[in-house]
Amino acid sequence: MTINNENEILLKVSEGDQRSFTLLFDMHYPNLRTYIYRITESREATEEIIQEVFIKVWEKRETLITVNSFKAYLFILSKNRTFNFLRDKAKARANELKWSIQNYESSYELDRHSLQDEYNLIIHQVVLNLPPQQQKVYCLSRHENLKYEEIAVQMGLSKETVKKHMQHALCFLKQNVKKQIDSVVSSLMLVLPFLL
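Procedures and definitions
Residues numbered from 1 in each chain as written. Predicted model: local features only at pLDDT ≥ 70, side-chain atom pairs only at ≥ 80, totals over all residues. Heavy atoms only, no water. Helix = DSSP H or I, 4+ residues; strand = E, 2+ residues; numbered from the N terminus. Buried < 20%, exposed > 50% of the residue type's maximum accessible area, 1.4 Å probe, protein only. Contact = heavy atoms within 4.5 Å. Areas by Shrake-Rupley, 256 points an atom, 1.4 Å probe, with all protein chains shown as cover. Salt bridge = Lys/Arg side-chain N within 4 Å of Asp/Glu carboxyl O. Axes fitted to C-alpha atoms, helices over the stretch in contact; angles between N-to-C directions. Parallel < 35°, antiparallel > 145°, perpendicular 65-115°, else oblique. Left-handed = near helix turned anticlockwise from the far one by under 90°. Core = buried A, V, L, I, M, F, W, Y, C linked by side-chain atoms within 4.5 Å. Expected span 1.5 Å × (residues − 1). Arc of directions from axis to C-beta. Phe/Tyr/Trp six-rings, centres within 6.5 Å; stacked < 30°, edge-to-face > 60°.

A.B. asks: Which parts of the structure should I look at to understand the overall build of the protein?
C.D. replies: On a plain count of helices and strands, the protein comes out with seven helices and zero strands. Here the protein, with 196 residues, has 25% of them falling under the buried criterion. Counted over contacts in the protein with a minimum sequence separation of 6, partners at least 24 positions apart contribute 56%. Here the protein has roughly 14,300 Å² of accessible surface; of this, 55% comes from carbon and sulfur atoms.

A.B. asks: I keep staring at the pattern of salt bridges and nothing clicks. Help me out?
C.D. replies: Applying the stated criterion to the full structure yields three salt bridges. Here Asp88 and Arg87 are joined by a salt bridge, their closest N and O atoms 3.4 Å apart. On the basis of relative accessible area, Asp88 is assigned to the partly exposed category, the value being 37%. Accessibility expressed as a relative area gives 44% for Arg87, which makes it partly exposed. Linking Lys159 and Glu149 is a salt bridge whose minimum nitrogen-to-oxygen distance equals 3.2 Å. Within this pair, whereas Lys159 is found in helix α7 (residues 159–195), its partner Glu149 is found in helix α6 (residues 148–155), the two being separated by 10 residues in sequence.

A.B. asks: Is there a simple way to think about the packing of helix α5 (residues 132–142) against α6 in this case?
C.D. replies: Working note: a packed helix pair is described by the angle between its axes plus the distance between those axes. Where α5 meets α6, the closest approach of the two axes is 10 Å, and the angle between their N-to-C directions is 135°. On the basis of the axis angle, α5 is oblique to α6. The interaxial crossing formed by α5 with α6 has right-handed handedness. In this structure, α5 contributes Gln133, Lys136, Val137, Leu140 and Ser141 to the contact, and α6 contributes Ile151, Gln154 and Met155.

A.B. asks: Explain the environment of Tyr148 to me, please; I cannot follow it from the model alone.
C.D. replies: Counting through the fold element by element, Tyr148 comes out in helix α6. The class of Tyr148 is partly exposed, set by a relative accessible area of 28%. Residues Tyr148 and Lys163, spaced 15 residues apart in sequence, show a C-alpha to C-alpha distance of 6.7 Å. With near-sequence residues (within four places) excluded, Tyr148 lies in contact with Lys159, Val162, Lys163 and Met166.

A.B. asks: Would you mind showing me how to read the nonpolar core here?
C.D. replies: Most often, soluble globular proteins keep nonpolar side chains buried together rather than apart. Judged by nonpolar contacts, the single largest core of 19 residues is most densely connected at Val57, Phe70 and Leu74. Of all the elements in the fold, those that place two or more residues in this core are α1 (3–14), α2 (18–40), α3 (43–59) and α4 (70–128). Top element by residues in this core is α3. It accounts for six residues. When residues no more than four places from it in sequence are discounted, the contact partners of Val57 are Phe21, Leu64, Phe70, Tyr73, Leu74 and Leu77. Counting 16 residues, the second largest nonpolar core, distinct from the first, contains Val127, Tyr138, Leu140 and Met155.

A.B. asks: Just checking my understanding: could you explain α3 for this structure?
C.D. replies: Every α-helical turn comprises 3.6 residues, leaving residues that sit three or four positions apart pointing alike. Across its 17 residues, α3 extends 24 Å between first and last C-alpha, which sits within 8% of the 24 Å expected from 1.5 Å per residue. If you check which residues of α3 are buried, you get Ala45, Thr46, Ile49, Ile50, Val53, Phe54 and Val57. The buried residues of α3 all sit within an arc of 160° when viewed along its axis, so they share a single face. Pointing more than 90 degrees away from the buried face of α3 are the exposed residues Glu44, Gln51 and Glu59.

A.B. asks: Looking at this structure, I do not really get the packing of aromatic side chains. What am I missing?
C.D. replies: In this description, an aromatic ring pair is defined by two values, namely the gap between the centres and the angle between the planes. Taken as a whole and assessed by the stated rule, the structure comprises six aromatic pairs. Judged by centre distance (5.1 Å) and plane angle (70°), the rings of Tyr35 and Phe75 are edge-to-face. Of this pair, Tyr35 sits in helix α2 while Phe75 sits in helix α4; the two residues are 40 residues apart in sequence, bridging distant segments of the chain. The class of Tyr35 is partly exposed, set by a relative accessible area of 22%.

Following this line, the structure appears as structure tokens:
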């Protein structure tokens, strides 16, 4: 195709001739496809970009007669559209990654809180099984943050008796909380194969 022939085709395209536009497309399509595919490595993306480039050419067809080198003009349009595509794709991947990280963190937070809640519930149930004096000492110490001396005054006991009640309560809690957790873990191990 000579430059004069291409100029004639461009003139006809600028006047809105669709057959000349199809001819122009067919002439440049193979080179554009090779060029864009090398950058995107995606057939779908390549076809989409070529369509967008030629839509742009058609929309600006009136200005084609002022273009010195249509081939250079076409490759500049293609290069810009291809890099916009790559930038958008990189942004989308970054957003997906950000969403995945946030989603993972929030599910981790939920798991952590639900485990903590489960643990607190087990402790609460074991505390309810303490003898009344030990239960009261434990609750005043752990929930109301009272010192042994304050608990002794409030309960009318010696500081040493309060201390002993607390030691027995902690020993009982340690043994029974462990048993409860072991029981929960054992139950999970039995159910787990059915969940997977």
